[in-house]
Structure formats: structure tokens, C-alpha cells
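Report on the structure
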Amino acid sequence: METTVFDDLESEVRSYCRSWPVVFDTARGSRITDIDGHSYLDFFAGAGALNYGHNPPALKAPLMEYLARDGITHGLDMYTVAKGEFLRTFEELVLKPRGLDYKVQFPGPTGANTVESALKLARKITGRESMINFTNGFHGMTLGALSVTGNSMKRGGAGVPLVHATPMPFDNYFDGTVPDFLWFEKLLGDAGSGLNEPAGVIVETVQGEGGINPARVEWLQGLEDLCRRHGMILIVDDVQMGVGRTGPFFSFEAAGIRPDIVCLSKSISGYGLPMALTLIKPELDQWGPGEHNGTFRGHNPAFVTATAALREYWSDDTLERSTIAKGERVGAALAEVAADSESVELTPKGRGLARGLSFSQPELAAKACAAAFERGLIIETAGPTDEVMKLMPPLTITDAELEEGLGLVAESVRAVTEGMSA
């Protein structure tokens, strides 16, 4: 198949295909194959939507069985067997073992849907309009989600003023030279600051699109304390970093915090099927019936695969421990690459299997990713100037595949940095 059909008919907004200009056809596990039979190792994982890899057999079998028996596909918010089984399994394997008590909202199929619902609910609960977001945060491409997103290029696409949100410095924004929340708390306590009283705060514990920036445990704990003292709703956007990406099921578990609202999407279906959840503390579940809805919030095939994924991967801590161990291996490998670079400063970043390599010369990150693709590795960039080579392989990647990919990363970095002047 030629790519001309895409060039002729698809919008100029297409993006990833420009970096990987081949026609893909099949995928299994950590590999994806094009129509010419070329196999690529996947360190992209559907931008975090494929934490268990492509077409995992333990999820595919129940999905095919469900479809074959004419199980409900589209159900809005009607009661269905598939939804009931998911809710029971989610409570049994995720919420109860962690001592969490949340009501589950199905806001629509995407990460932006869950973020929009969280922002709306925080404003409804508090009666306040303003939200607090953080520098380099990313929360989605719809107008509400964009208003709490930092990236200027993405914000510029809105075409209207993005209001009712105020950015604050994310952890280590000032390279450790300013005490945590000095500016934020000063504004909150100063009647002359001009800061509208915030309804809530939305935060990623590890910023993904913003450049793989992990927040310290102490910073997250301080943020929770600040929210409690000032009556602000704490929203954790776990769309990309949840469902085991950092090791634990939720990325905030290591900090021991209890967000008021949690946003999940991407890998919650386990199969790349559209699905999102908004988790809400019971006392904050103040929606009226139908006050926030969506035609595709009841995508039952996604409930089927999500249930299968929880049973397969979250009945014990095997995947969590494996992810942490693999993440440490990736971190060590990136540290070696950085130490070996004599001409370009490279900085390893991240947590779990959300890792990055930041380039002091930003344009080299994209060149390294292009060199990786030439060698059979799919990997993308992140960061405000695309300065970070972003490593997000499936959590289920084998040790051999991980080592293969890390070797390709090192080779690609050397290919674009060797011989350059510092």
C-alpha cells in the first residue's frame, strides 16, 4: 500500500506517521510489523495506551468470545454484565487492596474526557471558577484540558483565550533554589495577590508530554497538605502514568497521598480500546443525573478487556515488581549513555518504565529518534522543545527485548552526537 492515500485524503494535522512513514499492519507484544514484513520494537506503546503490549492473548480471547456471543457493544450508561464485572473486579483488585474509596464515573472514552469531567466537578463542588495547573503539564487537547496545559504550541491551537486557570511552578522548576510552594502559598495568603480563589489543583506525578519530569514524594505530600489547608480539590491526572507505568497501579501510591479525584484512561482498557474513568471520593460525587455524559462512555468491549487485564496482571504484585526492576535497568542504561557522551550533555530522567534522555541541544532528540527508527525502534520525543527522547516500552516487554531496545537507543544517540562540538 502506498502512503499517497494518506497524503491525498488525510488532514495535515497527522503527526506520528510523519516520524514513522511506513504502513503498519500487524502487532504482537512489543513488536509491530509493516506491510513489507519489517518488524519494529515498540518503545512507544501507543503513547501509554498499550502498557500490556499489542494484542495480549489473555485479553484477546475473552474479547473475541464476547463479540462472538453478541455481547452488548454500545451501552451508554445502561446496566450491562460487562460493566458490572469490571466494577466488581476493579473494586476487588485495585481499590480495596489499596484502602481507596472512590465512586467510578465513566465520562467518555478519552483522557481529555476524564480531565474535563474532573475540572467541571471541582468547580461545581466548590462554587469557584479558577483552577491551578503546573508548568509543563499536559492534560489534553479540548478547551478545558488545554486551559490547564502548559505547552504554548498546543495552547495556540485553541483559537480562543484559555482562561480560568493559573500555572504554578512544578517540582524543581527553579532547580532547587526556591522552597517548595513559596510562590503558590504566598499568593494564596495575600489578599492583594490577584489570584482568584482556586477550585482545585490538577497535577501529573510524572509529567509525560512535558518531558518525563517526576515529582518528588515530598513535593506531592506538600501539595496535598496545601490543598487540604486551603479547601482546594486535588486532582491527579494519571491518564498516562497510571495503570502500572511507574510500577504501582496508581503513580501517586509511593507518596501515600489520597487525591480527591483521579483521572484514568489510555491503558485502563488494557487493549488500546477507548475507555476512561474519573474516580471521585464518595462525598464529592455531587453530579446530577446526566449532568456530564457522553455517547461512548459505555464501550463494553473495553470493559471486557479491562476486567481481563486486572485479573491477569493485578491479582498480585508480579507486574509491579517487574516494572520497577526493568525501570531501574533502563535508568542505569541511560546513565551509561549520558556518561559516554563527550560532545553533548545528556540527562537521564523518569521513574518506572517512563524514562527519558534529555539533550542539551534539543534538535538532536528528534534526530536520535529518527536514527532509532532506521534501526527498527519506534520511539518519540517529549518536552516543551522536543528535547527529550522518551522511552515507554510495554510493561510486559521481555528482558531480551528490553536489552535489544536499549542497545538501539545507545547506538542511535551515538550516531547523532559523536564528533559534535560541546
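Details of the structure are given in the entry above.
Residues numbered from 1 in each chain as written. Predicted model: local features only at pLDDT ≥ 70, side-chain atom pairs only at ≥ 80, totals over all residues. Heavy atoms only, no water.

Considerations on the overall build of the chain
- For the chain, the helix and strand inventory stands at 14 helices and 17 strands.
- A compact globule built from 422 residues should have a C-alpha radius of gyration of about 22 Å, and the chain, at 21 Å, falls within 12% of that.
- Along the first, second and third principal axes, the C-alpha set of the chain runs to 60 × 55 × 45 Å.
- Looking at the 422 residues of the chain, the share that counts as buried comes to 54%.
- Of the contacts formed within the chain by residues at least 6 apart in sequence, a portion of 73% connects residues at least 24 apart.
- Taking the average location of the 37 positive side-chain charges in the chain and that of its 56 negative ones, the two points are 5 Å from each other. (Helix = DSSP H or I, 4+ residues; strand = E, 2+ residues; numbered from the N terminus. Rg over C-alpha atoms; globule rule 2.2 N^0.38 Å. Buried < 20%, exposed > 50% of the residue type's maximum accessible area, 1.4 Å probe, protein only. Contact = heavy atoms within 4.5 Å. Lys, Arg positive; Asp, Glu negative; His and termini not counted. Charge placed at Lys NZ, Arg CZ, Asp CG, Glu CD.)

Topic: the sheet that holds strand β16 (residues 380–382)
- Taken together, 4 strands build an open sheet; the order of strands is β13-β14-β17-β16 and the sheet is antiparallel. Strands at the two margins of the open sheet, each flanked by one partner only, are β13 (346–351) and β16. This sheet shows a mean twist of 30 degrees between the axes of neighbouring strands, independent of strand direction.
- In this sheet, strand β17 (residues 388–391) lies alongside strand β14 (residues 354–359) in antiparallel orientation, the contact comprising 4 bridges. (Pairing = 2+ DSSP bridges. Axes fitted to C-alpha atoms, helices over the stretch in contact; angles between N-to-C directions.)

Some thoughts on the packing of helix α4 (residues 57–68) against helix α11 (residues 300–313)
- Running from N to C, α4 and α11 point in directions that differ by 145 degrees, and their axes come no closer than 9 Å. Like other packed secondary-structure pairs, α4 and α11 cross with a definite hand, here right-handed. Packed against α4, whose contacting residues are Ala-58, Leu-59, Pro-62, Leu-63, Tyr-66 and Leu-67, the element α11 presents Asn-300, Pro-301, Val-304, Thr-305, Ala-308, Ala-309, Glu-312 and Tyr-313 at the interface.
- Of the residues that constitute the contact of α4 with α11, the class distribution is 11 nonpolar, 2 polar and 1 charged. (Left-handed = near helix turned anticlockwise from the far one by under 90°. Nonpolar A, V, L, I, M, F, W, Y, C, P; charged D, E, K, R; others polar.)

Brief notes about the side chain of Lys-326
- By secondary structure assignment, the location of Lys-326 is in helix α12 (residues 318–340).
- Asp-399 provides the closest opposite charge to the buried, salt-bridge-free Lys-326, at an N-O distance of 4.8 Å.
- Those residues in contact with Lys-326 that lie beyond four places of it in its chain are Leu-353, Leu-395, Thr-396, Ile-397, Asp-399 and Leu-402. (Salt bridge = Lys/Arg side-chain N within 4 Å of Asp/Glu carboxyl O.)

Details of the pattern of salt bridges
- In this structure the tally under the stated criterion is 22 salt bridges.
- Here Glu-209 makes a salt bridge to Lys-390, at a shortest N to O gap of 2.9 Å. Linking Glu-209 in the loop between β8 (206–207) and β9 (213–214) with Lys-390 in strand β17, this pair joins segments that are 181 residues apart in sequence.
- Three or more residues joined by partner-sharing salt bridges are found here, namely Asp-7, Glu-12, Arg-14 and Arg-18.

So, α11
- When the terminal C-alpha atoms of α11 are compared, their 20 Å separation across 14 residues agrees well with the 20 Å that a helix rising 1.5 Å per residue should span.
- Extensive coverage of α11 is indicated by the burial of 12 of its 14 residues.
- What α11 keeps buried is the set Asn-300, Pro-301, Ala-302, Phe-303, Val-304, Thr-305, Ala-306, Thr-307, Ala-308, Ala-309, Leu-310 and Tyr-313.
- Where the residues of α11 are buried, they touch α4, α5 (81–95) and α12. (Expected span 1.5 Å × (residues − 1).)

Considering the sheet that holds strand β6 (residues 165–168)
- Pairing is mixed in the open sheet, where 7 strands are placed in the order β4-β12-β11-β10-β7-β5-β6. Each end of this open sheet is capped by a strand with a single partner; those strands are β4 (103–105) and β6. The sheet shows a mean angle of 25 degrees between the axes of neighbouring strands, direction not considered.
- The pairing of strand β5 (residues 130–134) with strand β7 (residues 198–203) spans 3 bridges and is classified as parallel. Bridging from a neighbouring strand, Ile-132 pairs with Val-201 of β7.

Some points on unusual backbone geometry
- Even without glycine at this site, Phe-181 takes up a positive phi of about 65 degrees.
- Along the chain, Phe-181 falls in the loop between β6 and α9 (182–189).

A short note on a negative patch on the surface
- Together, Glu-91, Glu-92, Asp-101 and Glu-283 make up a negatively charged patch on the protein surface.
- Topologically, Glu-283 is positioned in the loop between β12 (277–280) and α11. (Patch = residues over 30% accessible without salt bridge, like charges linked within 9 Å, V, L, I, M, F, W, Y side chains within 5 Å. Areas by Shrake-Rupley, 256 points an atom, 1.4 Å probe, with all protein chains shown as cover.)

Considering the pairing of strand β1 (residues 24–28)
- As defined by bridge partners, β1 adjoins strand β2 (residues 31–34) across 4 bridges and the pair is classed as antiparallel. Residue pairing for β2: Ala-27 is matched across the bridge by Ile-32.
- The antiparallel pairing of β1 with β2 creates a hairpin that spans 2 residues between the two strands, and Gly-29 there sits at a positive phi of about 65 degrees.

Focus on the packing of α5 against α11
- Their axes nearest at 9 Å, the elements α5 and α11 cross at an angle of 30 degrees. Comparing the axis directions of α5 and α11 gives the class roughly parallel. As α5 packs across α11, the resulting crossing turns out to be left-handed. The residues of α11 that touch α5, namely those facing Ala-82, Lys-83, Glu-85, Phe-86, Thr-89, Phe-90, Leu-93 and Val-94, are Asn-300, Phe-303, Val-304, Ala-306, Thr-307, Leu-310 and Arg-311. (Parallel < 35°, antiparallel > 145°, perpendicular 65-115°, else oblique.)

Here we look at helix α13 (residues 363–374)
- For α13, spanning 12 residues, the distance from its first C-alpha to its last is 17 Å, which sits close to the expected 16 Å at 1.5 Å a residue.
- For α13, the full list of buried residues reads Leu-364, Ala-365, Ala-368, Cys-369, Ala-371, Ala-372 and Phe-373.
- Positive backbone phi, at 95 degrees, marks Gly-376, one or two positions downstream of α13.

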